[in-house]
2 protein chains.
Amino acid sequence: MSTSADIDREEGLVLQPKFDASGLLTCVATDAATGEVLMVAHMNEEALSKTIASGEAWYFSRSRSALWRKGETSGQTQRVIEMRIDCDQDAVWIRVEQQGAACHTGRKSCFYRKVDSSEGKARLVPVDAARLFDPEAVYRK
Amino acid sequence: MSTSADIDREEGLVLQPKFDASGLLTCVATDAATGEVLMVAHMNEEALSKTIASGEAWYFSRSRSALWRKGETSGQTQRVIEMRIDCDQDAVWIRVEQQGAACHTGRKSCFYRKVDSSEGKARLVPVDAARLFDPEAVYRK
């Protein structure tokens, strides 16, 4: 059963983000021009606040346990055109202008392989997998 | 540092999904026609396998701890046009043909509110928020 707090969160117009046990929301970033999904990442409360306040995407890295402004090392920043939040306020969708490429491997999107199961067994097929930058040059200098 | 297993997962063409501690992947479903993000949900290994095998979206509900074929109660099914997996294989993106509406509240997308901060304070504004079905009628019969 839905509680009145659930209904308020779903139908209200107050931002009440529901962070998980680790203090995180899921964030999906899409290219504002093409609709392509660029990446899925996480935001803690501070990353969400900084994104809203600055109009630039900030995330929280689970592997590094660190707040992170997208592009602060690589230069591949994301300007937020619109942010939406989902029904239960545990996920946000940002439509962004991506500077260069979103993926740390140098591809425009992190989703550069499709799952093909046409012969009964799933395998991956590269798609839109050209590198726009060389990660060795960008991250190791 | 990246290990050779990390590089293999990022650059290889073998499906090696990286489930989290709860056995789940994040899944983003977008409308194949419009690019709109419809929902963010989770898949366990069985949901992923059934989605690949059937071409219909299956998820794992964290709140109900149950495998769930999208639309099995509501009739609002999702036919998968393409599935992609991200660089570290812990998220999938499915482009779907959505029958009716994706959100349990009756909206086409779960992202029916945008975050507006134009006056310095974040508030939510409905956008594309028309209900395509009545959740009371669909879920309580």
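See above for the structure.
Nothing here was measured: the structure is a model prediction, and the numbers come from that model. (Residues numbered from 1 in each chain as written. Chains lettered and ligands numbered in written order. Predicted model: local features only at pLDDT ≥ 70, side-chain atom pairs only at ≥ 80, totals over all residues. Heavy atoms only, no water.)

Caption draft 1: A look at the pattern of salt bridges. A full pass over the atoms with the stated rule returns 18 salt bridges over all chains. With a shortest N-O distance of 3.4 Å, Arg123 of chain A and Asp116 of chain A are connected by a salt bridge. A single salt-bridge network, built from bridges that share partners, covers Glu82, Arg84 and Arg95 of chain A together with Asp128 of chain B. (Salt bridge = Lys/Arg side-chain N within 4 Å of Asp/Glu carboxyl O.)

Caption draft 2: Local environment of the sheet that holds strand S1 (residues 25–31) of chain A. Taken together, the 6 strands give an open sheet; going across it, the order is S2(A)-S1(A)-S6(A)-S5(A)-S7(B)-S8(B), and neighbouring strands pair in mixed fashion. Looking along the sheet, the strands with just one partner apiece sit at the ends: strand S2 (37–43) of chain A together with strand S8 (123–126) of chain B. Neighbour to neighbour, the strand axes of the sheet diverge by 35° on average, direction disregarded. The sheet contact formed by S1 of chain A and S2 of chain A spans 6 bridges and is antiparallel. Bridge assignment links Val28 of chain A to a residue of S2 of chain A, and that residue is Val40 of chain A. (Pairing = 2+ DSSP bridges. Helix = DSSP H or I, 4+ residues; strand = E, 2+ residues; numbered from the N terminus. Axes fitted to C-alpha atoms, helices over the stretch in contact; angles between N-to-C directions.)

Caption draft 3: Representation of the packing of aromatic side chains in the model. One pass over the structure, following the stated rule, counts 6 aromatic pairs over all chains. For the ring pair Phe111 of chain A and Trp93 of chain B, a centre distance of 5.9 Å and an interplane angle of 80° mean the geometry is edge-to-face. Of the two residues, Phe111 of chain A is situated in the loop between strand S6 (91–98) and strand S7 (113–116) and Trp93 of chain B in strand S6 (residues 91–98); the pairing between them involves two chains. Overall, the relative accessible area of 0% leaves Phe111 of chain A in the buried class. (Phe/Tyr/Trp six-rings, centres within 6.5 Å; stacked < 30°, edge-to-face > 60°. Buried < 20%, exposed > 50% of the residue type's maximum accessible area, 1.4 Å probe, protein only.)

Take it as geometry only, folks, not as evidence of what the structure does.
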